[in-house]
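Reading the structure
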Amino acid sequence: MENKNSYILAIESSCDDTAAAVLLNDKVLSNVVANQLIHNQYGGVVPELASRAHQQNIVPVIDAALKKAGITKEQLSAIAFTQGPGLMGSLLVGSSFAKSLAAALQIPLIAVNHMHAHILAHFIDEEGYDKPEFPFLALTISGGHTQIVRVDGFFDMTIIGETTDDAVGEAFDKSAKILGLPYPGGPLVDKLAQTGNPKAYVFTKPKVPGLDFSFSGLKTAILYFIQKNVKENSDFIELNKNDICASIQHTIIAILMDKLKMAVKETGIKQIAIGGGVSANSGIRNTLKEAEKKYGWKTFIPKFEYTTDNAAMIGIVGYQKFLTQQFESASVVSKARILF
């Protein structure tokens, strides 16, 4: 069903970003995101406020995406939306709008798994970025997820390792909170780490069997370490902030790399693609680039705008599903938790 001009409108509303994108086949024509800054004062995403903001943002964001792409809604071939996982109220805003618009335009409706989208974002046709070949290993790292996925095809994916508690993004944000850094703290830890000594402080890596991860023990170890040192010197954090952040980041990256090396050894697959919000972290990006030389891997690091939640990644899955006619009826339901 190859169509020279299939225009896909994609809608992403799984958490606190309202996003819309228009793709012409696998090429992004527009990718618009409205961030919700209101959550910063609460130190985390407030679901009720998130869904309310989505309702305010969704029409202007979709309108902006269509205008930027230079097309009208009548030219659309299909509408793709995030079915889950995510915050239920937020997901419902996106799915309700997608269903209504698809029905009004009488075009196909496509449901997308948010986690598949983070992985398949690598297949967006972007100048200067290679696409991985099947099979490859995907390391999906975000505020809500930490997974190693074996990817054998566009819709043939198997989770071979995942976190048993906190996600890696939580580990960064909670560590930042312990240090008194504002939310979201992950990017700030990364920024401060760049001028710190990663070997200044040693944090024990949790022992977790197989390819699974655990970050809650590390978070507790950091908390006790800070409490103990602040007791001895009230200026401890201020005097050593960069070194503390560098040491925390170094430990988290070491945990991720240990499991990736194990996954490569077990599967024999040396193509590694990262995705999810935490893949914007400069330390992780640099370490993966070094791994190419060190271990002979081929690593795929997405363009920054496709790492955090965005609609372009929903659109690329929508395009692949459009080609194989994987459409949904208006009775399709949003799911806060969704089977992989």
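Residues numbered from 1 in each chain as written. Predicted model: local features only at pLDDT ≥ 70, side-chain atom pairs only at ≥ 80, totals over all residues. Heavy atoms only, no water.

Each helix and strand in the protein chain was counted, giving nine helices and ten strands. Relative to the 2.2 N^0.38 estimate, which gives 20 Å for 340 residues, the radius of gyration of the protein chain is 21 Å and therefore close to what a compact globule would have. Here the protein chain displays about 15,100 Å² of accessible surface, and carbon together with sulfur accounts for 53% of that area. For the protein chain, the distance from the average position of its 32 positive side-chain charges to the average position of its 33 negative side-chain charges is 3 Å. (Helix = DSSP H or I, 4+ residues; strand = E, 2+ residues; numbered from the N terminus. Rg over C-alpha atoms; globule rule 2.2 N^0.38 Å. Areas by Shrake-Rupley, 256 points an atom, 1.4 Å probe, with all protein chains shown as cover. Lys, Arg positive; Asp, Glu negative; His and termini not counted. Charge placed at Lys NZ, Arg CZ, Asp CG, Glu CD.)

To continue, consider helix α2 (residues 88–105). Taking 1.5 Å per residue as the helical rise, α2 with its 18 residues ought to reach 26 Å, and the 26 Å between its terminal C-alpha atoms agrees with that figure. Listing the buried residues of α2 in full gives S90, L91, V93, G94, S95, A98, L101 and A102. (Expected span 1.5 Å × (residues − 1). Buried < 20%, exposed > 50% of the residue type's maximum accessible area, 1.4 Å probe, protein only.)

In many reports, interface size means the accessible area that the parts give up when they come together. Domain assignment breaks the protein chain into domain 1 (7–124 + 307–324) and domain 2 (136–301). Placing a centre on the C-alpha atoms of domain 1 and another on those of domain 2 gives a separation of 28 Å. Contact residues are listed per partner, giving 19 residues for domain 1 and 22 residues for domain 2. Surface buried jointly by domain 1 and domain 2 totals about 1,600 Å² across both partners, of which 76% is contributed by carbon and sulfur atoms. Counting across the interface, domain 1 meets domain 2 through three residue pairs in polar contact (both at pLDDT 80 or more). Counting only elements with at least two residues in the side of domain 1 that touches domain 2, the list comes to α3 (114–120) and α9 (312–323). Top contributing element to the side of domain 1 that touches domain 2 by residue count: α3, with five residues. When its residues are assigned to classes, the side of domain 1 that touches domain 2 shows seven nonpolar, eleven polar and one charged. (Domains from an automatic or database assignment. Contact = heavy atoms within 4.5 Å. Buried area = accessible area lost by both parts, 1.4 Å probe. Polar contact = N/O pair within 3.5 Å; in protein donor to acceptor, adjacent residues only side chain to side chain. Nonpolar A, V, L, I, M, F, W, Y, C, P; charged D, E, K, R; others polar.)

On to unusual backbone geometry. For the peptide bond that leads from F134 to P135, omega is -5°, which places it in the cis range. Looking at the secondary structure, you find P135 in the loop between α3 and β6 (136–141). In the Ramachandran plot, Q106 falls in the positive-phi region, its phi being about 55° despite a non-glycine side chain. Looking at the element boundaries, Q106 is found in the loop between α2 and β5 (109–113). One non-glycine residue, Q325, lies in the positive phi region at around 55°. Checked against the element boundaries, Q325 lands in the segment after α9.

Between two packed helices, what matters for the description is the angle formed by their axes and the separation of those axes. Between helix α4 (residues 168–178) and helix α7 (residues 236–267), the least distance of the axes is 11 Å, while the angle of their chain directions is 165°. Viewed along their axes, α4 and α7 adopt a mutual orientation that is roughly antiparallel. When you trace α4 past α7, the crossing you get is right-handed. Contact residues: V168, A171, F172, S175 and I178 in α4; I237, I248, Q249, I252 and L256 in α7. Broken down by class, the residue content of the contact of α4 with α7 amounts to eight nonpolar, two polar and no charged. (Axes fitted to C-alpha atoms, helices over the stretch in contact; angles between N-to-C directions. Parallel < 35°, antiparallel > 145°, perpendicular 65-115°, else oblique. Left-handed = near helix turned anticlockwise from the far one by under 90°.)

Spatially, β8-β7-β6-β9-β10 is the arrangement adopted by the five strands of the open sheet, whose pairing is mixed. In this open sheet, the two edge strands, each paired with only one partner strand, are β8 (156–162) and β10 (298–300). Averaged over neighbouring strand pairs, the angle between their axes works out to 25° when direction is ignored. In the packing of helix α8 (residues 282–295) onto the sheet, the strands contacted are β6, β9 (271–275) and β10, and the crossing angle to β10 comes to about 155°. (Pairing = 2+ DSSP bridges.)

Moving on, we come to the pairing of β8. Of the strand pairs in this sheet, strand β7 (residues 146–153) and β8 are connected by six bridges, and their pairing is antiparallel. The partner of G153 across the bridge, within β8, is D156. In textbook terms, the turn of a hairpin is the stretch between consecutive antiparallel strands, and for β7 and β8 this stretch comprises two residues.

To continue, consider the pairing of strand β4 (residues 78–84). Summarising burial for β4: seven of the seven residues are buried, a large majority. Sheet topology note: the strand β1 (residues 7–12)/β4 ladder contains four bridges and is parallel. Along β4, the bridge assignment pairs L9 with I79. For the segment spanning β4, α2 and β5, crossover handedness is right-handed. (Right-handed = clockwise from strand over helix to strand, strands pointing away.)

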